Amino acid sequence: MIPLLGITTQALFAQLLVGLINGAFYALLSLGLAVIFGMLNIVNFAHGALYMMGAFFAWFLLNTLHIGYWPALLLAPLGVAIFGMIVERTMLTRLQGLDHIYGLLLTFGLALIIQGLFQNYFGSSGQPYPVPDLLKGGANLGFMYLPNYRAWTIAFSLAVCLLTWFAIEKTRLGAVLRAATENPQLTRAFGVNVPRLITLTYGFGVGLAALAGVLAAPIYQVRPLMGADLIVVVFAVVVIGGMGSIMGSIVTGFALGLIEGLTKVFYPQAANTVVFVVMALVLLVKPAGLFGRKA
Amino acid sequence: MTDIAPRAPAPHASAPSAKTSTELLAIAGLALALAAAPLAAYPFFLAQALCLALFACAFNLLVGFGGLLSFGHAMFYGSASYVAAHAAKVWGLPPEAAILAGTLGAGLLGLASGALSIRSQGIYFSMITLALAQLVYFIALQSPYTHGEDGVQAVPRGKLFGLIDLSNDVTLYYVVLAIFLFGLFSIYRIVHSPFGTVLKAIRENETRAISLGYRVDQYKLAAFVLSATLAGLAGATKAIVAQSATLTDVHWTTSGEVILMTLVGGMGTMVGPVFGAFIILAMQNYLSTFGQWVMVIQGAIFVISVLSFRRGLIGEISNRFKISL
């Protein structure tokens with residue numbers, strides 16, 4: 001054990017690991033927000049509530065239908081995505097052409113409804129969700145103990161993020177998507193069904209949030225308000241990164257998770273606030289965010 | 001950019017005096033009704049409601065006339081409440097000085113947070129104000145002066161100017177009513193001043209306002225600071241009324257509630273937020289035994305208002321009868 005500035009490397013790496021895991025969730029959520037904002041021009045305030053729904057979906061599957069973690073990893077995002085697409089078709093689509101703030105207000109209302117309903121049935125306490133058998137235990141790396149599930153969470157979310165980046169930036173479908181973001185009218189003129197593309201995009205962004213929820217279920221407890229606290233931090237992450245770039249939101253997400261982890265080691269009092277302080281500093285230097293273009 | 005408070009074009013655009021006089025009449029009618037209100041409801045409840053109503057009016061100054069949706073206005077309301085409570089309890093200041101201290105504190109906070117957020121457009125502005133408010137919330141949670149989850153309790157009401165004893169609820173109510181009317185009338189004067197006209201021009205078409213030579217950022221910052229200061233006045237008064245300052249006042253749910261009040265009453269109307277505040281408070285009171293259903297119903301009101309009731313109650317009336325309220 002080599003102490004560094006009075007802190008053992010053990011504690012340092014443990015907090016960095018927690019930071020990376022939080023960063024993975026920030027990245028998944030801000031990625032979904034960026035994709036949705038690009039297509040719908042809506043900042044999805046319900047993102048945190050849908051993340052929570054993803055976790056509860058997995059919990060329900062396990063406790064009522066005895067369907068385990070691995071199928072839930074696919075089924076929960078799918079279920080929440082379908083719910084999201086219904087919301088998009090019935091409500092969000094009616095806000096087209098209105099000021100951006102109405103989208104924010106509508107999704108804020110949705111978040112209140114969803115969180116209120118879950119709180120009615122589950123109170124504020126958490127429901128435990130077991131780590132899947134395959135990922136129990138951990139590896140001793142010499143300088144720290146690495147639980148398998150946490151390693152899996154980081155690796156899997158990173159893979160999902162990079163895959164999304166690849167799909168949007170490098171494939172034909174992504175090219176159509178970017179075209180529809182840039183100029184929906186012209187893209188429609190080329191025979192692309194843009195309204196359907198918008199619905200699917202919302203479903204995909206929301207599905208990413210639900211996926212983060214399933215990944216989080218075994219680490220944190222499944223609570224009705226687990227997303228409410230997270231979404232504000234994710235908003236700050238989005239402001240820091242700027243919503244213009246997919247890679248930007250991934251990098252910013254992980255980086256801020258790490259910064260938060262480091263703060264927990266060296267100055268724990270500021271762990272909750274460091275992301276917001278970083279946001280204020282970034283805004284002083286670059287009002288459009290690190291990777292953003294000036295609106 | 002579409003406009004934020006959809007309103008039909010005024011039928012007599014050449015007669016602005018008719019427009020302002022109906023607003024003044026509405027304020028006067030409201031003042032009379034509120035002066036008689038203690039006959040019908042508990043003065044303590046009314047005093048609390050007036051604080052929230054002033055908060056909503058201050059918020060409306062920014063969103064309704066400046067087109068800026070702040071999602072963090074609880075930071076001004078809550079921090080002013082803490083400062084006033086601390087000033088009255090720990091420093092032993094009389095209520096008028098405590099309220100003044102809280103109001104000024106919120107104004108300074110508005111200057112700092114406004115300088116950071118005002119340069120960003122639209123939706124970014126909302127997210128930045130929300131994040132800054134969360135920063136203030138965590139500071140309030142950890143600071144030794146705020147007593148964390150307990151909040152500042154048993155704040156003395158004291159004697160106003162050393163003469164008027166505020167421990168009587170009815171006396172207190174009329175003092176709060178005076179503060180409220182001062183706030184509302186200030187907003188009326190701000191909106192109808194040349195400054196307010198430029199502000200509305202920026203809301204309608206910012207690029208054009210810039211090309212006309214207005215320093216848009218300075219106007220927006222001034223509106224932000226004014227709104228923050230008045231929200232602070234509401235929060236500081238609330239600390240004296242409720243004799244406490246708690247974490248709830250600075251939490252994002254309070255920021256959400258003030259948006260809901262303004263939306264329901266009518267963004268961009270003069271008296272709409274007052275009605276919105278009373279409607280939402282009455283609803284919370286009647287439904288208080290139903291636990292989290294209040295949250296669900298508030299969310300549903302948000303959704304319904306945004307989908308089919310964007311003008312709000314007073315906005316609909318003013319649109320129907322072609323008068324400005």
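Residues numbered from 1 in each chain as written. Chains lettered and ligands numbered in written order. Predicted model: local features only at pLDDT ≥ 70, side-chain atom pairs only at ≥ 80, totals over all residues. Heavy atoms only, no water.

### Topic: the overall build of chain B
For chain B, the helix and strand inventory stands at 13 helices and two strands. For 325 residues, the compact-globule estimate of 2.2 N^0.38 gives 20 Å, and chain B sits close to it at 19 Å. In terms of its C-alpha atoms, chain B occupies a principal-axis envelope of roughly 50 × 45 × 40 Å. Per-residue burial over chain B gives 57% buried out of 325 residues. Taking the contacts inside chain B whose residues are at least 6 apart along the sequence as the reference set, 79% of them involve residues at least 24 apart. One way to put it: in chain B the 17 positive side-chain charges average out to a point 10 Å from where the 13 negative ones average out. (Helix = DSSP H or I, 4+ residues; strand = E, 2+ residues; numbered from the N terminus. Rg over C-alpha atoms; globule rule 2.2 N^0.38 Å. Buried < 20%, exposed > 50% of the residue type's maximum accessible area, 1.4 Å probe, protein only. Contact = heavy atoms within 4.5 Å. Lys, Arg positive; Asp, Glu negative; His and termini not counted. Charge placed at Lys NZ, Arg CZ, Asp CG, Glu CD.)

### Considerations on the packing of aromatic side chains
This model, assessed by the stated rule, comprises 28 aromatic pairs over all chains. Judged by centre distance (5.1 Å) and plane angle (75°), the rings of Phe45 of chain A and Phe235 of chain A are edge-to-face. Of this pair, Phe45 of chain A sits in the loop between helix H1 (9-40) and helix H2 (47-64) while Phe235 of chain A is found in helix H9 (residues 226-241), placing the two residues 190 residues apart along the sequence. Taking the relative accessible area as the measure of exposure, Phe45 of chain A reaches 5% and is therefore buried. Classification of Phe235 of chain A by relative accessible area gives buried; the value is 1%. Aromatic rings pair up to connect Phe45, Phe108 and Phe235 of chain A together with Phe71, Trp252 and Phe302 of chain B into one cluster. Directly above the aromatic system of Tyr102 of chain A lies the positively charged group of Arg310 of chain B, at a separation of 5.7 Å from the ring centroid. (Phe/Tyr/Trp six-rings, centres within 6.5 Å; stacked < 30°, edge-to-face > 60°. Lys NZ or Arg CZ within 6 Å of the ring centre and 35° of its normal.)

### Considering the interface of chain A and chain B
At the interface, 46 residues of chain A touch 40 residues of chain B. Counting every contact that joins chain A to chain B gives zero salt bridges. At the boundary of chain A with chain B, the tally comes to three residue pairs in polar contact (both at pLDDT 80 or more). Breaking the side of chain A that touches chain B down by element, the ones donating at least two residues are helix H4 (100-122), H9 and helix H11 (274-285) of chain A. The element contributing the most residues to the side of chain A that touches chain B is H4 of chain A, with 16 residues. Classifying every residue of the side of chain A that touches chain B gives 32 nonpolar, 11 polar and three charged. (Salt bridge = Lys/Arg side-chain N within 4 Å of Asp/Glu carboxyl O. Polar contact = N/O pair within 3.5 Å; in protein donor to acceptor, adjacent residues only side chain to side chain. Nonpolar A, V, L, I, M, F, W, Y, C, P; charged D, E, K, R; others polar.)

### Here's the deal with the side chain of Thr164 of chain A
Along the chain, Thr164 of chain A falls in helix H5 (residues 148-170). Setting aside residues no more than four positions away along its own chain, Thr164 of chain A makes contact with Leu31, Phe204 and Leu208 of chain A.

### Digging into the packing of H9 of chain A against H11 of chain A
Residue and element names in this part refer to chain A. Interhelical geometry of H9 versus H11 gives an angle of 25° and a closest axis separation of 9 Å. Judged by the inter-axis angle, H9 sits roughly parallel to H11. Along this stretch, H9 crosses H11, giving a crossing that reads as left-handed. Residues Val232, Val233, Ala236, Val237, Val239 and Ile240 of H9 form the contact with H11, whose participating residues are Val275, Phe276, Val278, Met279, Val282 and Leu283. When the residues that make up the contact of H9 with H11 are grouped by side-chain class, the tally is 12 nonpolar, no polar and no charged. (Axes fitted to C-alpha atoms, helices over the stretch in contact; angles between N-to-C directions. Parallel < 35°, antiparallel > 145°, perpendicular 65-115°, else oblique. Left-handed = near helix turned anticlockwise from the far one by under 90°.)

### A few points about the nonpolar core
Counting 209 residues, the largest nonpolar core has Tyr51, Leu105 and Met279 of chain A together with Leu69, Phe71 and Phe180 of chain B as its most contacted members. Looking at this core, the element that brings in the most residues is helix H2 (residues 43-66) of chain B, giving 17 residues. What Leu69 of chain B contacts, discounting residues up to four positions off in sequence, is Ile101, Leu104 and Leu105 of chain A together with Phe59, Val63, Phe125, Ser126, Thr129 and Ile259 of chain B. (Core = buried A, V, L, I, M, F, W, Y, C linked by side-chain atoms within 4.5 Å.)

### Brief notes about the environment of Ile231 of chain A
Residues and elements named next belong to chain A. On the secondary structure map, Ile231 appears in helix H9. Accessibility expressed as a relative area gives 4% for Ile231, which makes it buried. In sequence terms Ile231 and Ala46 are 185 residues apart; their C-alpha atoms lie 8.5 Å from each other. Every residue in contact with Ile231, bar those within four places of it in the chain, is listed here: Leu33, Asn44, Phe45, His47 and Gly48.

Keep in mind these numbers describe shape, not what the thing actually does.
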